[in-house]
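Take a look at the letters that make up each chain.
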Amino acid sequence: MSFIEVQNISKDFKVNKRSAGIPGMIANMFVPKYEIKHAVKDLSFTIEKGEMVGFIGPNGAGKSSTIKMLSGILCPDSGSISVNGFIPYRQRKSYVGKIGVVFGQKSQLQWDLPVIDSFELLRAIYRIPEEKYKANLDRFTEMLDMKSFINQPVRQLSLGQRMRSDIVASLLHSPEIVFFDEPTIGVDIIGKETIRNFIRELNEQDKVTMIFTTHDMQDIEQTCKRIIIIDKGSLMFDGSIQDIRGKYGTTRRLIAEFNEEVTVEPISKVAIENLGDRKMSFTFDNNVVDVNKLMHEILGKYSVHDITVAEPEIESIIQKMYNGEVS
């Protein structure tokens, strides 16, 4: 049995629909009209203990509804969910002590209190034993370099400092699974890297299961080995970063910088573009054209100063999937 098992879950919402203006408002009071929104449709997947999974999709794809069902906030209309033997929406009281949640746009810290006071409040709420609390607090604040601001009020923190504090707050009770919702939104480059390194290290050492919902594909690429993509409430892709590149990202771009101006002869099944400054672009399908043979041909015919092969950006591949450009 997998750590997380999601079997054929669906979730619909009844949305009020009325005409604009006062006449529409009055008519809706007497004869309300509704439409059904299918947020999640027959969705199934499993996640093993200790996995880090990116759970992504365009706006309105059903990500938030799925995460809310996984965390026990919502109950699916049909299907089943099991997380380490718990049914989240039926055993919420015992289940919530096993999970942690980080919202990039909503803090669980008390705005006017020092960070440490919020931590103490959470210790009382979760009834964390003093020894465990002290060990986790010391370890996490050291890993995230928080000692300089842990006694400052939350309102005085930078966004990066607040995000680090929120991450620690979600982990003080040693949860078995953590849901990250945009954990690095608005954070600068150094702050992002600090958070990503912490997440990777925690996963490797403690085997905490982690699920990410984010629009920042760098977060996914640098932390997760597996991604689940949903669209319109249904599963679109489930596999590794390498799988998605291999299946959908077959286009490659070779950039060659020559030692002198050259006229490049046409090459079969390769699109050639002059980039100026003695640079040429060679675009091809990796399944059709052998990159080593292409490089050998270019190097054999011309005097080359530098040559590089660019992998397709995972973000651009996924965008094409959303737009239906790949299947």
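Rules used throughout
Residues numbered from 1 in each chain as written. Predicted model: local features only at pLDDT ≥ 70, side-chain atom pairs only at ≥ 80, totals over all residues. Heavy atoms only, no water. Buried < 20%, exposed > 50% of the residue type's maximum accessible area, 1.4 Å probe, protein only. Helix = DSSP H or I, 4+ residues; strand = E, 2+ residues; numbered from the N terminus. Arc of directions from axis to C-beta. Contact = heavy atoms within 4.5 Å. Polar contact = N/O pair within 3.5 Å; in protein donor to acceptor, adjacent residues only side chain to side chain. Domains from an automatic or database assignment. Buried area = accessible area lost by both parts, 1.4 Å probe. Salt bridge = Lys/Arg side-chain N within 4 Å of Asp/Glu carboxyl O. Nonpolar A, V, L, I, M, F, W, Y, C, P; charged D, E, K, R; others polar.

Under an unreviewed UniProt entry, the protein has the name ABC-2 type transport system ATP-binding protein and belongs to Treponema bryantii.

All right, on to helix H10 (residues 291-301) then. When we look at burial in H10, the residues that qualify are Val 291, Leu 294 and Ile 298. Each buried residue of H10 lies within a common arc of 60° when the element is viewed along its axis, so the set occupies one face. Seen from the open side of H10, the exposed residues pointing more than 90 degrees away from its buried face are Asn 292, Lys 293, His 296 and Gly 300. Where H10 is buried, its residues touch strand S10 (251-258), strand S12 (279-285) and strand S13 (304-310). Among the residues of H10, the N-terminal cap falls to Asp 290, whose side-chain oxygen and the backbone nitrogen of Asn 292 are separated by 2.8 Å.

Within the element layout of this structure, Pro 88 appears in the loop between strand S4 (78-83) and helix H3 (92-95). Residues Pro 88 and Met 69 lie 19 residues apart in sequence; the distance between their C-alpha atoms is 7.3 Å. If we ignore the near neighbours within four places in the chain, the residues touching Pro 88 are Met 69, Leu 70, Ser 71, Gly 72, Ile 81, Val 83 and Tyr 95.

Now for helix H9 (residues 241-248). For H9, the full list of buried residues reads Ile 241, Ile 244, Arg 245 and Tyr 248. With its buried residues spanning 100° around the axis, H9 presents them on a single face. Across from the buried face of H9, at angles greater than 90 degrees, the exposed residues are Gln 242 and Lys 247. Close packing links the buried residues of H9 with helix H8 (217-223), strand S8 (226-231), strand S9 (234-240) and helix H11 (314-322).

All right, on to the domain arrangement of the protein then. If you check the domain split of the protein, you get domain 1 (4-241) and domain 2 (250-323). If you average the C-alpha positions of domain 1 and of domain 2, the two centres end up 41 Å apart. Each partner contributes residues to the interface: domain 1 has twelve residues there, and domain 2 has five residues. Both sides of the domain 1 and domain 2 interface together cover about 730 Å² of buried area, and 76% of this is carbon and sulfur. Contact with domain 2 buries surface across domain 1, with Met 217, Ile 229 and Met 236 losing the most and accounting together for 48% of the total. Run the count over domain 1 and domain 2 and you get zero salt bridges. Between domain 1 and domain 2 we count zero residue pairs in polar contact (both at pLDDT 80 or more) in total. At the level of secondary structure, the elements contributing two or more residues to the side of domain 1 that touches domain 2 comprise H8, S8 and S9. No other element matches the three residues that S8 contributes to the side of domain 1 that touches domain 2. Taken together, the residues that form the side of domain 1 that touches domain 2 break down as eight nonpolar, two polar and two charged.

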